[in-house]
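Here is how the chains run, residue by residue.
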Amino acid sequence: MPDLTTNCAGIRSPNPFWLASAPPANSGGQVQRAFDAGWGGAVWKTLGQPIQNVSSRFGAINYSGTRAIGFNNIELITDRSLEVNFREIYETKKKFPKHAVVVSLMVETQEEWKDIIKRSIDAGADGLELNFGCPHGMCERGMGSAVGQEPLVNERITSWAVEYSTVPVLVKLTPNVSDVLPHGLAAQKGGAHGVSLINTIKSIIAVDIDRFVPEPRVGSLSTNGGYCGAAVKPIALHMLARLTRSGEFKIPVSGIGGITNWRDAVEFMLLGASSVQVCTEVMLKGYRIVEDMIEGLDEYMASHGFDTLDQLVGKAVPAFSEWGDLDLNYETIAKIDAKKCIGCQLCVVACHDGAHQCIHQSKETNGDATRVPVIDESECVGCNLCKIVCPVPDCISMVPVDNGFAPATWNQHVTEGLPLRPKKGAH
């Protein structure tokens, strides 16, 4: 049986599934129930000077029958007293000594950082997460993403935390930057033991078209919030890979952003995350989702011959490249399995209106009409759109073609003159 034991930046847990710093990790009772359900760690909802929150706080996007594929919040850090939080952290850690309890922190001055770090460690924290990512409310007070967007400030405050801490320090990065690498490097330069990413994305989730006010509505006004949930996973994966493929960035990462199941978690780990944090899916479905996550990861590792997570973490990073290094002579075409095709014609419409006009309705032959589309292989560019819209699993496959051309990238074509295959679909 694979070993799911996790070590992320020196923070150990029974498995890589951690609750992210958010409402599901707001209190001792919640975190303890999560640990009972199977979660390996929790990042306690951000501590700082307790705030007053607004009502309401959450918004969501529903699409095509699926609720909350994207989620938005304007909630801030803890509104509970520090004394209560620290007491519950102590009680939780005493009850679950082998689980990871990481405490998220956000304060302003150097003395406040020194004090709250000491109190967190005294309470039993296994690690600290510096919240440099919150994109609403706190950044207007000079904290959260206001810190995360300034590498020099990030580095300075990180260095304070590392100096005052006797446990590992993670820096939670904001996605609200054009390039996350300088910000990851700033945390590394400040001495962080690892980073976590992504925090939420600055956003307006929707507009109430009858009241003429954005959502979530607080009286007659609203504000930008933090976007999260399944819809942000591609952004998070890119930012994760941007760090892990960089030769300069060398510290561990705890991955966050749109993780809803074990497969999502594996994708984050293959791109270099040592642990994964989940929030929105827990808010929507509860702590119990971790059971399927553990079972799925366990079966995946066993089926792929991984005994430990270290063998899996980062395995897909070498395959993430720049466009100029892709093989332009690699070619695929679409093939339709006539036995599986239901004749819906969705691929025909998509190809004609949204791609390269190479899938056509079949013509009647010998008096027998068929609704299985026909692919003009001389024009098919292998774009995948037909496979994406096809409602039948494995009905359409993308099959490699031997076109007789040796591999050649754009960079090799420009610098070495390597020949490129003739274009297809360029009518």
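Here we summarise the structure given alongside this text. Each chain carries its own residue numbering, running from 1 in the direction its sequence is written. Local features are withheld for residues below a pLDDT of 70 in this predicted model, meaning they are given only at 70 or higher, and side-chain atom pairs are given and counted only at 80 or more; totals for whole chains, interfaces and linings count all residues. Think of the side-chain values as coming from all heavy atoms in the structure, minus any hydrogens and water.

## Regarding the overall build of the protein chain
Helix and strand assignments follow DSSP, with helices taken as H or I runs no shorter than four residues and strands as E runs no shorter than two, numbered in order from the N terminus. Regarding its fold elements, the protein chain presents 13 helices and 20 strands. On the principal axes, the C-alpha backbone points of the protein chain span a range of 85 × 55 × 45 Å. In the protein chain, which comprises 427 residues, the proportion classed as buried is 51%. Any two residues whose heavy atoms approach within 4.5 Å are treated as being in contact. By sequence separation, contacts in the protein chain at least 24 residues apart represent 72% of the contacts at least 6 residues apart. None of His or the chain ends enter the tally, which takes Lys and Arg as positive and Asp and Glu as negative. Charge positions are represented by NZ for Lys, CZ for Arg, CG for Asp and CD for Glu. Of the side chains in the protein chain, 38 bear a positive and 47 a negative charge, and the two mean positions are spaced by 3 Å. Using a 1.4 Å probe on the protein chains alone, a residue whose accessible area is under 20% of its type maximum counts as buried, one over 50% counts as exposed, and one in between counts as partly exposed.

## Let's talk about the packing of aromatic side chains
The geometry of two aromatic rings is summed up by the distance between their centres and the angle between their planes. Only Phe, Tyr and Trp rings are paired, with Trp represented by its six-membered ring, and only when their centres lie within 6.5 Å; those with planes under 30 degrees apart are stacked, over 60 edge-to-face, the remainder tilted. Under the definition given, this model contains five aromatic pairs. Their ring planes at 45 degrees and their centres at 5.4 Å tell us that phenylalanine 58 and phenylalanine 71 sit as a pair that is tilted. Placement of the pair is phenylalanine 58 in strand 5 (residues 58-63) and phenylalanine 71 in strand 6 (residues 66-73), with a sequence separation of 13 residues. On the basis of relative accessibility, which here comes to 8%, the residue phenylalanine 71 falls in the buried class. Measuring from ring centre to ring centre gives 6.3 Å for tryptophan 113 and phenylalanine 132, while their planes differ by 85 degrees; the resulting arrangement is edge-to-face. One end of the pair, tryptophan 113, is in helix 3 (residues 110-123); the other, phenylalanine 132, is in the loop between strand 8 (127-131) and helix 4 (145-148), and 19 residues separate them in sequence. A residue is classified by how much of its surface remains accessible, and tryptophan 113, at 1% relative accessible area, is buried.

## Observations regarding the sheet that holds strand 3 (residues 17-19)
With respect to topology, eight strands assemble into a closed barrel ordered 3-4-7-8-9-10-15-16, the strand pairing being parallel. With direction set aside, neighbouring strand axes in the sheet form an average angle of 25 degrees. Relative to strand 16 (residues 273-278), strand 15 (residues 253-256) runs parallel, the two being bridged by four bridges. The residue bridging valine 253 from the neighbouring strand is alanine 273, located in strand 16. Any two strands with at least two DSSP-identified bridges between them are counted as paired. Every axis in this analysis is a line fitted to C-alpha atoms, fitted for helices over the stretch in contact. Angles between the N-to-C directions lie between 0 and 180 degrees.

## Thoughts on the nonpolar core
If you look at soluble globular proteins, the nonpolar side chains tend to sit buried side by side. Nonpolar cores were defined as sets of buried Ala, Val, Leu, Ile, Met, Phe, Trp, Tyr and Cys residues, with membership established by side-chain atoms within 4.5 Å. Membership of the largest hydrophobic core comes to 80 residues, with the highest contact counts inside it found for Trp39 and Leu312. When sequence neighbours within four positions are dropped, the list of residues in contact with leucine 312 reads Val266, Met269, Leu270, Leu297, Tyr300, Met301 and Phe306.

## Describing helix 2 (residues 82-95)
Since one α-helical turn is 3.6 residues long, residues separated by three or four positions face the same way. Helix span, as expected, comes to 1.5 Å for every residue beyond the first. Compared with the 20 Å implied by 1.5 Å per residue over 14 residues, the 20 Å span of helix 2 between its first and last C-alpha is a close match. Turning to helix 2, its buried residues number three or more, namely Leu82, Asn85, Phe86, Glu88, Ile89, Thr92 and Lys93. Taken end-on, helix 2 shows its buried residues confined to a sector of 165 degrees, consistent with a single buried face. Within helix 2, the exposed residues directed more than 90 degrees away from the buried face are Glu83, Lys94 and Lys95. Residues of helix 2 that are buried make contact with helix 1 (28-37), strand 4 (41-47), strand 7 (100-105) and helix 3. Note that the arc is computed from the directions linking the helix axis to the C-beta atoms.

## Here's the deal with the pattern of salt bridges
What counts as a salt bridge is simple: a side-chain nitrogen of Lys or Arg found within 4 Å of a carboxyl oxygen of Asp or Glu. In this structure the tally under the stated criterion is 17 salt bridges. Between arginine 119 and glutamate 83 there is a salt bridge whose closest N-O contact spans 3.3 Å. Here the residue arginine 119 occupies a position in helix 3, and glutamate 83 occupies one in helix 2, the gap between them amounting to 36 residues. According to the relative accessible area criterion, glutamate 83 is exposed, its value standing at 52%. For aspartate 179, the salt bridge goes to arginine 242, with nearest N and O atoms at 2.9 Å.

## Here's the deal with the sheet that holds strand 6
Each strand in a sheet pairs with another by means of backbone hydrogen bonds, the pair being arranged parallel or else antiparallel. Strand order across the open sheet formed by four strands is 5-6-14-11, with antiparallel pairing between neighbours. Across the chains shown, the open sheet's two edge strands, defined by having one partner strand only, are strand 5 and strand 11 (201-203). On average, each strand axis in the sheet is inclined to that of its neighbour by 40 degrees, with strand direction left out of account. In terms of strand pairing, strand 5 meets strand 6 through five bridges, oriented antiparallel. Note that in strand 6 the partner of glycine 59 across the bridge is asparagine 72.

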